[in-house]
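One letter stands for each residue in the lines below.
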Amino acid sequence: MGGHHHHHADPGPGDRHYRRALWAVLVINLTMFFVEASAGLLGSSVALQADALDFLGDAATYALSLAVLGMSLRMRASAALLKGATMGLFGIWVIANATAEAIAGHTPSAPLMGGIGTAALIANVVSAVILFGFRNGDSNRRSVWLCTRNDAIGNVAVVAAGGLVYLMNRGWPDLVVGGAMGLLALHSAVLVISHARQELRETTA
């Protein structure tokens, strides 16, 4: 999840292809959110729950990118401010959940972490391939693609954590990855909110 900012005007013919690409990755991310959230709750995995929230955050980002194509800077900045606040709440929830699981001492299901983590990695790689042709251009397009690429790296961490949980029969690798994802969500939220506030100041100046 990253800051997605929009600086282009009304959508032209090239944006029609970009719109289709955004719709495709939106559907993939929403589907994976439901799959991974269910698996995370069933398997007591904080890392899977955190990654599921990341999919939901990305789906919201793609939906926002679609909604504000060609809109005024003030509308785009206001939408980004809302998204940043939501991302911050997700981050706090994940860190609180990781703390609760650490106190409870649950060991998550390693096969579920590995299997669902691999499915999530495939989903993010497919999303990155779909958006690859739109990786250049304005800051919005570039950040959308970078965000998707970074998520694929996060999925590798989830699969690796699943392997460590299996080998050690301990829950801490899951908590470490989950907690790190929560902190990343908080960091992204701060970046998005500060950029949105700056854009709002520009529109009122």
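In what follows, the structure referred to is the one given above.
All figures in this text were calculated on a predicted structure; none of them were measured in a lab. (Residues numbered from 1 in each chain as written. Predicted model: local features only at pLDDT ≥ 70, side-chain atom pairs only at ≥ 80, totals over all residues. Heavy atoms only, no water.)

(A) Geometry of the packing of aromatic side chains. Taken as a whole and assessed by the stated rule, the structure comprises two aromatic pairs. Between Tyr18 and Phe134, the ring centres sit 5.2 Å apart and the planes meet at 50°, which makes this aromatic pair tilted. Of this pair, Tyr18 sits in helix 1 (residues 13-42) while Phe134 sits in the loop between helix 4 (110-132) and helix 5 (139-168), placing them 116 residues apart in sequence. (Phe/Tyr/Trp six-rings, centres within 6.5 Å; stacked < 30°, edge-to-face > 60°. Helix = DSSP H or I, 4+ residues; strand = E, 2+ residues; numbered from the N terminus.)

(B) Geometry of a nonpolar patch on the surface. Residues Leu164, Tyr166, Leu167, Met168, Trp172 and Val176 make up a contiguous nonpolar surface patch of roughly 680 Å² in combined accessible area. Contributing elements (two or more residues each) for the nonpolar patch: helix 5 and helix 6 (172-204). Looking at which element gives the most residues to the nonpolar patch, the answer is helix 5, with four residues. Inspection of the secondary structure puts Tyr166 in helix 5. For Tyr166, a relative accessible area of 62% puts it in the exposed group. (Patch = residues over 30% accessible without salt bridge, like charges linked within 9 Å, V, L, I, M, F, W, Y side chains within 5 Å. Areas by Shrake-Rupley, 256 points an atom, 1.4 Å probe, with all protein chains shown as cover. Salt bridge = Lys/Arg side-chain N within 4 Å of Asp/Glu carboxyl O. Buried < 20%, exposed > 50% of the residue type's maximum accessible area, 1.4 Å probe, protein only.)

(C) Looking closely at helix 4. The terminal C-alpha atoms of helix 4 lie 32 Å apart, and with 23 residues this matches the ideal 33 Å at 1.5 Å per residue to within 8%. Inspection of helix 4 places Ala110, Met113, Gly114, Ile116, Gly117, Ala120, Ala123, Asn124, Ser127, Ala128 and Leu131 among the buried residues, and these make up the whole buried set. At the N-terminal end of helix 4, a side-chain oxygen is found 3.3 Å from the backbone nitrogen of Leu112, two or three residues along, and the residue is Ser109. (Expected span 1.5 Å × (residues − 1). Polar contact = N/O pair within 3.5 Å; in protein donor to acceptor, adjacent residues only side chain to side chain.)

(D) Looking closely at the packing of helix 2 (residues 46-67) against helix 6. Following both chains from N to C, one finds helix 2 and helix 6 inclined at 25°, their axes separated by 7 Å at the closest point. Between helix 2 and helix 6, the interaxial angle falls into the category roughly parallel. Helix 2 and helix 6 meet at a crossing whose hand is left-handed. Along the contact surface, helix 2 presents Val46, Ala47, Leu48, Ala50 and Asp51, while helix 6 presents Asp174, Leu175, Val177, Gly178 and Met181. Among the residues forming the contact of helix 2 with helix 6, the class breakdown is seven nonpolar, one polar and two charged. (Axes fitted to C-alpha atoms, helices over the stretch in contact; angles between N-to-C directions. Parallel < 35°, antiparallel > 145°, perpendicular 65-115°, else oblique. Left-handed = near helix turned anticlockwise from the far one by under 90°. Contact = heavy atoms within 4.5 Å. Nonpolar A, V, L, I, M, F, W, Y, C, P; charged D, E, K, R; others polar.)

(E) Highlighting the nonpolar core. Formed by 14 residues in total, the largest nonpolar core has its most connected members in Ala47, Leu48, Met113, Val158, Val177 and Met181. Secondary structure elements with two or more residues in this core: helix 2, helix 4, helix 5 and helix 6. With four residues, the top contributor of residues to this core is helix 2. Excluding residues that lie within four positions of it along the chain, Val158 makes contacts with Ala47, Leu48, Asp51, Met113, Gly117, Val177 and Met181. If you look at the next biggest cluster of nonpolar residues, it comprises 13 residues, including Leu22, Leu26, Ala59 and Trp145. (Core = buried A, V, L, I, M, F, W, Y, C linked by side-chain atoms within 4.5 Å.)

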